[in-house]
Amino acid sequence: MADLRWTEEMSVGDVALDRDHQEFLAIAACLDARSSDRGVVVDALAKLELYVHGHFQREEQLMQQINFPHLAGHRLRHDWFRARMKAIGEIYRHGDPSVGGALPDLVGRWFFHHILEDDKRYAHWLAELARHEQAQ
Ligand SMILES: [Fe+2]
Ligand SMILES: [Fe+2]
């Protein structure tokens, strides 16, 4: 995961959302390299909390604007990740640093299964819409 670099194939076709995903990748790489370092984990948790707050909202707004038919399911997966981050953050801050060890795996899985799979579904829908508009 640490060597994973952003490529154009990862793009969802929206500059702001791509920037968010790049930021997520940077957090993941940092966690992967030094997840036993308390400073790194605390910093990553703070950044991930900001990420889930801003990015999920931006993404859901876009899906709504383009009438993406699978928004409800996508939102549920966002809710799941947000709850998971919140729980890990709370346990960590209340004195159990061992939960920090679960973060690299959680973040890595989210990158591969959500960003590169679920998010790609609305990206295809968005690209299709653009093609239809061009054809008219
Ligand atoms: Fe996303
Ligand atoms: Fe998403």
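Criteria and thresholds
Residues numbered from 1 in each chain as written. Chains lettered and ligands numbered in written order. Predicted model: local features only at pLDDT ≥ 70, side-chain atom pairs only at ≥ 80, totals over all residues. Helix = DSSP H or I, 4+ residues; strand = E, 2+ residues; numbered from the N terminus. Buried ≥ 20, exposed ≤ 12 C-beta atoms within 10 Å, placed from the backbone. Contact = placed C-beta atoms within 7 Å. Core = buried A, V, L, I, M, F, W, Y, C linked by C-beta atoms within 7 Å. Expected span 1.5 Å × (residues − 1). Arc of directions from axis to C-beta. Axes fitted to C-alpha atoms, helices over the stretch in contact; angles between N-to-C directions. Parallel < 35°, antiparallel > 145°, perpendicular 65-115°, else oblique. Left-handed = near helix turned anticlockwise from the far one by under 90°. Nonpolar A, V, L, I, M, F, W, Y, C, P; charged D, E, K, R; others polar.

**Section: the overall build of the protein chain**
Secondary structure assignment for the protein chain yields 4 helices and 0 strands. Its helices and strands taken in sequence order, the protein chain reads α-α-α-α from the N to the C terminus. Expressed as lengths along the three principal axes of its C-alpha atoms, the size of the protein chain is roughly 60 × 30 × 20 Å. When the 136 residues of the protein chain are sorted by exposure, 15% land in the buried category. Looking at the protein chain alone, contacts between residues at least 24 apart form 70% of all its contacts between residues at least 6 apart.

**So, the nonpolar core**
Grouped together as the largest cluster of nonpolar side chains are 12 residues: Phe24, Ile27, Ala28, Leu31, Val41, Ala44, Leu45, Leu48, Leu103, Val107, Trp110 and Phe111. Mapped onto this core, the elements with two or more residues apiece are helix 1 (15-34), helix 2 (38-65) and helix 4 (103-135). With residues up to four places along the chain from it excluded, the contact list for leucine 48 reads Ile27 and Met85.

**Some remarks on unusual backbone geometry**
Keep in mind that most residues, glycine aside, have a negative phi and that most peptide bonds are trans. Positive phi, normally seen in glycine, also occurs at asparagine 67, with a value near 55 degrees. Inspection of the secondary structure assignment puts asparagine 67 in the loop between helix 2 and helix 3 (71-93). The class for asparagine 67 is exposed, based on 9 C-beta atoms found within 10 Å.

**Quick notes on the environment of alanine 44**
Residue position: alanine 44 is located in helix 2. By C-beta crowding, alanine 44 is classed as buried, having 24 other C-beta atoms within 10 Å. Considering only alpha carbons, one finds alanine 44 and cysteine 30, 14 residues apart in sequence, at a separation of 8.0 Å. Apart from the residues within four sequence positions on either side, alanine 44 is in contact with Ile27, Cys30, Leu31 and Leu103.

**Comments concerning the environment of serine 98**
Secondary-structure assignment places serine 98 in the loop between helix 3 and helix 4. A C-alpha to C-alpha distance of 34 Å links serine 98 and leucine 71, two positions 27 residues apart in sequence.

**Quick word on helix 1**
Helix length check: helix 1 (20 residues) gives 29 Å between terminal C-alpha atoms against 28 Å at 1.5 Å per residue, within 8%. Among the residues making up helix 1, those that are buried are Leu17, His21, Phe24, Ile27, Ala28 and Leu31. Seen end-on, helix 1 carries its buried residues on one side only, within an arc spanning 115 degrees. Of the exposed residues in helix 1, the ones pointing more than 90 degrees away from its buried face are Val15, Arg19 and Ala33.

**Side note on the packing of helix 2 against helix 3**
Packing of helix 2 against helix 3 leaves a shortest axis separation of 10 Å and a crossing angle of 165 degrees. Accordingly, the angle class assigned to the pair helix 2 and helix 3 is roughly antiparallel. The interaxial crossing formed by helix 2 with helix 3 has left-handed handedness. Between helix 2, through Val41, Leu45, Leu48, Glu49, Val52, Phe56, Glu60, Met63 and Gln64, and helix 3, the contact on the second element is made entirely by Leu71, His74, Arg75, His78, Phe81, Arg82, Met85, Gly89 and Tyr92.

**Remarks on the packing of helix 3 against helix 4**
Their axes nearest at 12 Å, the elements helix 3 and helix 4 cross at an angle of 165 degrees. By the angle between their axes, helix 3 is roughly antiparallel relative to helix 4. The crossing of helix 3 and helix 4 is left-handed. Here His74, Arg77, Phe81, Arg84 and Ile88 of helix 3 come into contact with helix 4, specifically with Leu103, Leu106, Trp110, His114 and Asp118. Taken together, the residues of the contact of helix 3 with helix 4 break down into 5 nonpolar, 2 polar and 3 charged.

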